[in-house]
Amino acid sequence: MALCLGQVFSKDKTFRPKKRFEPGTQRFELYKKAQASLKSGLDLRKVVQLPEGESLNDWIAVHVVDFFNRINLIYGTMSEYCTERTCPIMSGGLKYEYRWRDGDDYKKPTKLPALKYMNLLMDWIESLINDEDIFPTRVGVPFPKNFQQVCKKILSRLFRVFVHVYIHHFDSICSMGAEAHINTCYKHYYFFISEFNLIDNSELEPLREMTEKICN
């Protein structure tokens, strides 16, 4: 029997963003449209395409918040398997290591346990999507000029969660019966960033073989 996302992943273990799309706003309507397409069984390559007449920045904003929610939900459940003992470094196998820098508490790239790294990452993203100067919600308020660059950085760092979860916790994913759900989430994410060239190909290298397997 197929399980829904809420049955597979435990919401109480996640960090939930404070921002929601307000009913009646254009972004809320875009969000509903995206969700309806996603649930309709359409080809995900078509689902991510910008609807005719819609703003690209609005479309990106809706997806960045949605991907944050989904990936945060996945990570929140995986976190019980990801401890300082099992994952003393935020990495993707032996070849890839990620260090944290935010310009505030960590001014230089710092080696951290994966759990600490991802906690900081989720807090950092949440602060950005709740910043009205970056993700404005008021009608008529424009996005900042660097909006897409900020989103590229968010999406690039979220990709690292996929890398770590797939490479270091895939057995746990399978034991929970969550493989299909995470694969679908990853495919949606991958087709979206590819459609709008939001991440450099070099960043995607750690999951290159897996991507070719599940996205082709």
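Residues numbered from 1 in each chain as written. Predicted model: local features only at pLDDT ≥ 70, side-chain atom pairs only at ≥ 80, totals over all residues. Heavy atoms only, no water.

1. What about the pattern of salt bridges?
Alright, step 1. Tallying each qualifying case throughout the model produces 6 salt bridges.
Alright, step 2. In this structure, Glu97 and Arg99 form a salt bridge, with 2.9 Å as the shortest nitrogen-oxygen distance.
Alright, step 3. Its relative accessible area of 35% is what places Glu97 among the partly exposed residues.
Alright, step 4. Residue Lys111 is joined to Glu97 by a salt bridge in which the shortest nitrogen-to-oxygen separation is 4.0 Å. Separated by 14 residues along the polypeptide, Lys111 in the loop between strand 2 (96-97) and helix 5 (114-129) and Glu97 in strand 2 bring together distant segments of the chain.
Alright, step 5. Judged by relative accessible area, Lys111 falls into the partly exposed class, the value being 44%. (Salt bridge = Lys/Arg side-chain N within 4 Å of Asp/Glu carboxyl O. Buried < 20%, exposed > 50% of the residue type's maximum accessible area, 1.4 Å probe, protein only. Helix = DSSP H or I, 4+ residues; strand = E, 2+ residues; numbered from the N terminus.)

2. Digging into helix 4 (residues 56-78)
Alright, step 1. Its 23 residues place the ends of helix 4 32 Å apart at the C-alpha level, agreeing with the 33 Å of an ideal helix rising 1.5 Å per residue.
Alright, step 2. Of all 23 residues making up helix 4, 22 are buried, and the element is well covered by its neighbours.
Alright, step 3. Measuring from the backbone nitrogen of Asn57 back to the side-chain oxygen at the start of helix 4 gives 3.3 Å, which picks out Ser55 as the cap. (Expected span 1.5 Å × (residues − 1). Polar contact = N/O pair within 3.5 Å; in protein donor to acceptor, adjacent residues only side chain to side chain.)

3. A look at the packing of aromatic side chains
Alright, step 1. As enumerated under the stated definition, the model contains 17 aromatic pairs in all.
Alright, step 2. Three or more aromatic residues joined by ring pairs form one cluster here, namely Phe67, Phe159, Phe162, Tyr166, Phe170, Tyr186, Tyr189, Tyr190, Phe191, Phe192 and Phe196.
Alright, step 3. The ring centre of Trp124 lies 4.5 Å from the NZ or CZ of Arg157, which sits over that ring. (Phe/Tyr/Trp six-rings, centres within 6.5 Å; stacked < 30°, edge-to-face > 60°. Lys NZ or Arg CZ within 6 Å of the ring centre and 35° of its normal.)

4. Describing the side chain of Ser172
Alright, step 1. Along the chain, the position of Ser172 falls in helix 6 (residues 147-175).
Alright, step 2. Ser172 has contacts with Met78 and Tyr81, leaving out every residue within four places of it along the chain. (Contact = heavy atoms within 4.5 Å.)

Interpretation note: all reported values are geometric properties and have no functional meaning in isolation.
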